[in-house]
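Listed below, chain by chain, are the residues.
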Amino acid sequence: MDRTTIALQGTLAGFMAEMAKAQPAGAATSSTTPRPASLLDRLSPLPYGWDMLDDFSIDTFAKQIVGPVLTRAQAHDRKGRLLASGINFASQDYLSLACHPQIQTAAVEAIARYGVHSAGSPALMGNTTLSVELEQRLASFLGMRSCALFPTGWGAGYGAIRTLVRATDHVVIDHLSHACLWEGARGATRNVHSFAHLSVKELEENLVRIRQQDPSGGILVVTESLFSMDADSPDLQAHQDLARRYHATLLVDVAHDLGSMGPTGLGAIETQNMVGKIDVVMGSFSKTFAANGGFVACNEPGLKLAIRFGCGPHTFTNAMSPVQAAVVLKALDIVQSPEGQVRRQNLLNNALHLRQVLTGTGHTVLGLPSAVVPLVVGGIGHSRLLTRFMLAGGMLVNLVEHPAVARDASRLRLQIMADHTFEQIDQFAEVLAEATRQAVDELGRINQARPEGELLR
Ligand SMILES: Cc1ncc(COP(=O)(O)O)c(C=O)c1O
């Protein structure tokens, strides 16, 4: 494959595959002596592959923010060079709490009182009075009897599934579920069954088939309250009803709408009247609550105990730090206050405005109004060039591409904050129009030199 094709069509998974071909495991040094595979040598050409993106100035991944997370920000590229300075649609801080003065004060006070470190597993002495208070506050916010904290949201999703599911059990999972849920499922059992995104019909077909083949096995159904790649939500009541009917347990990941959506900040579980009615709710603090960390909440207190003493990413790791706990507690105060309501309304107004401006100018946005606006931009080559011109035009954006989404449906996953202004959103649309023209021209120029069958998209 030539450099241009690799840079404009190659995915990270593709680079890995190319490298593996260049240096196959166990390659023979002579016709009779196979050479043992070196795991590290196998990876050493990868930086050169990745650097090909540089030829076209499209190495826009692994950006470094310079300064605080605000609606205006500056980013360096992977190599520390200035990449973009302007309006920030690339951070996850849905209610604009990362730089909120009350939250910063809460963090400083927690440091003064506890120091910066939890210094232990929650199974030993890593809890603080702050983390215990947070567990109780979250359980009551969610209408659940108990809650366990994790130092990351990823660990909460993975750990919840690993704790619930044994090797002989089954997991039935929405196809678009987050990686932490998939990896938890695959790590827990070989019996992983996926159903088409949001399809209640396919979920039931799976449950019927599993129950026919395995009348007594445990089954966990896994979905999310708001899927961030497509900005859509499942019918939670239907999922829970089916789980009950087939003696399965439902787990819902609320990472993307807890705190940021719904009249009191409970997201789809609130708007669908499901508060306190879902078997297991897990989530992350990193989108709306201005901190790393996650939780698993349930009406069965046995789950919390099982997590406390037998869940890798909870038991065998240090507890979330007192600073994280203090930040999330203060963020929860704000989420539950009149200010939180105003912030959610601003966020929603911004999401509606952005969606309207984009659809009004002929663009495709997926899903329903929420903090995430997935803007479909097309093939990999075009979308990488478009991202380059967006960044150059002062719009900080993230590109999501294959294999996370279909090859011809790369998207800019725009993340709205409560503090964005309509003026900033209108500016985004103007830059998008110009960047689209530039990307089309540039790809056309590159394609001019290529034979018909090898045109890049
Ligand atoms: C749906 C979902 N679940 C879990 C996680 C993991 O959360 P965190 O990044 O806070 O560890 C994420 C974030 O990437 C997510 O989008």
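Residues numbered from 1 in each chain as written. Predicted model: local features only at pLDDT ≥ 70, side-chain atom pairs only at ≥ 80, totals over all residues. Heavy atoms only, no water.

- By the naming in an unreviewed UniProt entry, the protein is Aminotransferase class I/II-fold pyridoxal phosphate-dependent enzyme, taken from Aquabacterium soli.
- In its Cofactor (unreviewed entry) section, the UniProt entry covering the protein states "pyridoxal 5'-phosphate". (UniProt positions renumbered as here; feature names shortened; annotations may be inferred.)

**As for empty space enclosed by the protein**
Summary: where empty space remains is shown by rolling a probe the size of a single water molecule over the atoms.
Consideration 1: In this structure the tally under the stated criterion is two cavities of 30 Å³ or more.
Consideration 2: Each pocket or cavity is described by its volume, and for the second largest cavity that value is around 50 Å³.
Consideration 3: As for the second largest cavity, its lining consists of Pro122, Asn127, Ser131, Glu135, Leu149, Phe150, Pro151, Arg308, His314, Ala319 and Met320.
Consideration 4: Broken down by secondary-structure element, the contributors of at least two residues to the lining of the second largest cavity are helix H6 (129–142) and strand S4 (146–150).
Consideration 5: Here the lining of the second largest cavity is composed, by residue class, of six nonpolar, three polar and two charged. (1 Å grid on protein atoms, 1.4 Å probe; cavity = no way out; pocket = protein on both sides within 12 Å on 5 of 7 lines; lining within 4 Å. Points joined across faces, edges and corners; volume = space filled by probe spheres on them. Helix = DSSP H or I, 4+ residues; strand = E, 2+ residues; numbered from the N terminus. Nonpolar A, V, L, I, M, F, W, Y, C, P; charged D, E, K, R; others polar.)

**Description of the layout of surface pockets**
Consideration 1: Quantified by volume, the largest pocket comes out at close to 540 Å³.
Consideration 2: Forming the walls of the largest pocket are 24 residues, and the residues nearest its centre are Ser177, His178, Ala179, Ser228 and Met229.
Consideration 3: Looking at side-chain class alone, the lining of the largest pocket contains 11 nonpolar, nine polar and four charged residues.
Consideration 4: When residues of the lining of the largest pocket are assigned to domains, at least three map to each of domain 2 (57–88 + 341–454) and domain 3 (101–335).
Consideration 5: Taken together, 21 residues line the second largest pocket, and the ones lying closest to its centre are Lys63, Ala90, Ser91, Asn398 and Gln415.
Consideration 6: Among the secondary structure elements, those contributing two or more residues to the lining of the second largest pocket are strand S1 (64–65), strand S14 (399–400) and strand S15 (410–415).
Consideration 7: When grouped by side-chain class, the residues that make up the lining of the second largest pocket number 11 nonpolar, seven polar and three charged.
Consideration 8: The two domains that each donate at least three residues to the lining of the second largest pocket are domain 2 (57–88 + 341–454) and domain 3 (101–335). (Domains from an automatic or database assignment.)

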